[in-house]
Each structure stands twice: as structure tokens, then as C-alpha cells.
Amino acid sequence: MRTSLNAARRRRELAEVAERTVDLLVVGGGVTGAGVALDAATRGLDVCLVEAHDLAFGTSRFSSKLVHGGLRYLAHGELGLAHESAVERGVLMTRTAPHLVRALPQLVPLHGKRHDPLVAAGLRAGDLLRRVAGTPSRVLPGPRRVPAAEALALVPGLRAADLRGGLLGFDGQLVDDARLVVALARTAAGHGARVLTRAEVTALHGRSADVVDRLTGESLTIRARAVVNAAGVWAGRLVDVRLRPSRGSHLVVSAGTAGVVGTALTVPVPGERNRFVLVLPQRDGKVHIGLTDEPVSGPVPDVPEVPPSDVDFLLSVASSVLERPLTPADVLGAYAGLRPLPDTGDGPSADLSRRHAVLTADGVTTVVGGKLTTYRRMAEDAVDATGLTTTPCRTRSAPLVGAGPARGPADLVARYGAEAADVAEVGEFAWAVRHEGALDTADVLDRRTRIGLVPAERAAALAEARAVVERELAALA
């Protein structure tokens, strides 16, 4: 199929770009880079995306997997950013990726004499944004206050003592962030974009890039009329851009252990205003607890680690509203992502704006900042900034791979949409290699299926994944 990414297509297209000048070279295979490639390809441009590792290798697979409506930005007085987030959430949920995003109920528990008029007002303001953005209530219901009995029914693990009820709101949740990136890349490929992973850019020269094929060690030069640097927190390695990386850590625990199944918890951090820890139920029976916002200095690692201090902080805040306190022994896995925040001056990283920035220097357009929810708008602005085309953006209504009527096993429908029945026929591991660009077992386990979020489950699946990957790659050779 035209949207398929695999080793054979990679070899062919890598040879093609070495012999021609493309319109646009995109550096970075995260949500922003994939979004840029799709935006440009749908406008009729000849596009090549290169990624040093794999699709969604970096921050894009380490998010909270939420499609935010901008409530946090309202609290910081960034009305424009909040509106932008609400609009983009609506685009994802109703037009481009309804198969990948669901409405997530979120409960702010009220214990003792605690009262949250600001949170309640924020939820009402967020609902107003939803309506202004045009997202119907059947997609995202409005907020309301619930009594203690209903709060316990929604979240059985809540501490019952002195529980007076809760504030219930709704936001968007991705079935998986990495799956969104893969869908974007494949949709871009369907429009003619070349998507090349394991292709590391070692230097940018305005209208060309020095690239190393990490599978063969061979070097090549890719020439382009324009270049977009969408390398995220690593963008500064290629151009002179000042960033202040911020670490967002998450813990993975069993939903049964936490007592959190279908409704998420929003837990205020004691002693701070407008800062919360989220306890987010997943479809696989796990709960992800996040998130921190800590500045990171020094060299940027490929895969950040979660320090013990983050583990203690997240467990402590989450446990403050649970009947059964969580301990480090309950943690099945942990992950951290680094946000590429523009350095705008002094102040804690938590206070830095999440508005994206598009910068042009030495012929290279760099896009940094922002967040997963607004990737589409970031991509639109970046492509506009290149000056390559006057054709307007078309991604607001362009459905991603998998959108549309679906049949097949429910768990596969939730992750693959309209392709679920086809995935069921061949298996997820084989599908990842044949159609989603997976080149090794790590691609399959850590970014296509996300089994790797729990190390014990990854170890159990490793032998089967290796056997399938070797068989499928041999067939594509």
C-alpha cells in the first residue's frame, strides 16, 4: 500500500534523494517533524524527512498522551495559546484522528474542607473554550461537580475518609503518542513524502545536509530548496538556538493497584497553585502517573532517565488522595521526556510559555517549543516560514491513516482504527515491519506496540519479536 513504510522502501528512497534536490528537507521524526512532512506533502511539495533513530524516538513517545484543551494556559493568562490548544484538540478528535483520541474523564477529588473555586472556574472556562472551538458536547461533555458516592464509583481507589465529592471534567487522551507519530509519517508517505529513519544529519548547510546512513555507515548529501529543523530538544546541535530543556517524568503502575480504571485523577500539588499530578488510566490495564517539570542542564541524552527524586515526588502526591498509598515496589516502569522549551529568560521551567517558536537563521527554519496537541499548527507555521509555496495548509481536514469505519478486535480497533482487521491477519509485530517502518526489535517493542514501557513485559516478548523481525526483514531484502 502507498502508505507503507518498510526497509525496502527506505533503501529505494535513500538512493533517490542522493541523486536529486527535494523541495523540503525535514530533520526530526517526532510529532513536529512528521507533522511538517505531512503539511508540506499535502501542499504538493517534494518532501524528505530524515530521523537519526526511529519515528517517535524522542520526546514524542514520552508524553502524558493527553490532547489538552488549554486549561493550564488559561491559568497562566495565555488565552491565545489556550484557544489554539482547544481548536487543535477538536481537529484531532473530530476530523483527523478520531480513531486515536478518546474523551477522558478527569476527577479533581475534594477531601476535608478543601475547596477549589479556581479549579471549578477553570473547568467552566475550559468548557467555554471547547464551545468556541466548535467541539460538540457529545465528543467532550461539560464539567460538573459530583457527590462522594459518584466520585468513589468513578475512581474506586480514592480515599473514602473525609471525601466530599469531586470536580469532573473531560479532556482528550491519545491511545498512544507514538502511534500518532507513525500515523502522521505514514500519511505523509501516502502523499509522496520520503520518510527515512536511521539517517543522521551531522551538519546543515542551509540548502543541504550531510547525512550518515546508520545502518550501513555510508555518507551522503541531501540537497533541498529549504530545510526545517524539527529535532526537538536536540535542535541546538544543528543550529544556534537557545533551549531550556525541561524533564517530564512518568511512572507506570497497575490500574488495579492504584484503583484507577476509567477516570483519571487530577491531584493538586500541596503548597503550589496551578500545578497538578495526573493519574492517567490506559487501555492496557496500566496507569501512568505524571508529571514533573524539572530543568535539565548539561548534554542532552538520547533517552533520559527518571531520577529517584521524581519517583518519590509523583508517588507522594498521587498517594495523598488514594486509599492505598503507592510505594516504589508498585512501579512497573518509568519514562521521561525532555521538552524543547525556548530560553526566554530567567524563571522556573514550569513558568515558561508552551507557545512554539519558528526561527530562521542561515537558511534553516527551526521550530521548537509547543506541545503535542498543537503539532499541526506548528507544522503549518514552519512550512509557511520556508516560503516554498503559497498553497494554503490542508491538514485541518486531512484524515490520518486508520481514520474511518473500523472492524476487528476491539483492542486493535482502538490502536489501528480502520486497519485493525488487516493487523489481526498478520500480527502486530509483522505489521510494524511491513507497514510502519520498524527496522529492529526496539522499534517494534518500544515505539510501535509500547510493550517496552514495562521492562518485565518487554523481556517476555523479546524472543518472539526478534524472530518475527528477522523473518520479515529477510522477506523485504
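Here, the structure is the one placed above.
Note that the structure is predicted; figures quoted are calculated from it, not measured. (Residues numbered from 1 in each chain as written. Predicted model: local features only at pLDDT ≥ 70, side-chain atom pairs only at ≥ 80, totals over all residues. Heavy atoms only, no water.)

(A) Structural context of the overall build of the protein. When helices and strands are counted, the protein shows 15 helices and 18 strands. For 477 residues, the compact-globule formula gives about 23 Å, and the C-alpha radius of gyration of the protein, at 22 Å, lands near that figure. The principal-axis extents of the C-alpha atoms in the protein amount to approximately 70 × 50 × 45 Å. The burial tally for the protein puts 59% of its 477 residues in the buried class. Put simply, 71% of the contacts in the protein that link residues at least 6 apart link residues at least 24 apart. With the model as given, the accessible surface of the protein reaches about 18,600 Å², and the carbon-plus-sulfur share is 53%. Positive and negative side-chain charges of the protein, numbering 57 and 53 respectively, have mean locations separated by a distance of 5 Å. (Helix = DSSP H or I, 4+ residues; strand = E, 2+ residues; numbered from the N terminus. Rg over C-alpha atoms; globule rule 2.2 N^0.38 Å. Buried < 20%, exposed > 50% of the residue type's maximum accessible area, 1.4 Å probe, protein only. Contact = heavy atoms within 4.5 Å. Areas by Shrake-Rupley, 256 points an atom, 1.4 Å probe, with all protein chains shown as cover. Lys, Arg positive; Asp, Glu negative; His and termini not counted. Charge placed at Lys NZ, Arg CZ, Asp CG, Glu CD.)

(B) Region of the structure containing the side chain of Asp-23. Within the secondary structure, Asp-23 sits in strand β1 (residues 21-27). Residue class for Asp-23 comes out buried when judged on its relative accessible area of 16%. Apart from the residues lying within four places of it in its own chain, the contact partners of Asp-23 are Leu-45, Asp-46, Ala-224, Arg-225, Ala-226 and Leu-388.

(C) A look at the pairing of strand β11 (residues 243-254). Most of β11 is tucked away: 11 of the 12 residues are buried. Inspection of the sheet shows β11 paired to strand β16 (residues 333-342) by 10 bridges, in the antiparallel sense. Each bridged residue has a counterpart across the sheet, and for His-250 the counterpart in β16 is Tyr-335. Here β11 runs beside strand β15 (residues 294-295); their pairing, made up of two bridges, is antiparallel. Bridged to Arg-247 within β15 is Glu-294. (Pairing = 2+ DSSP bridges.)

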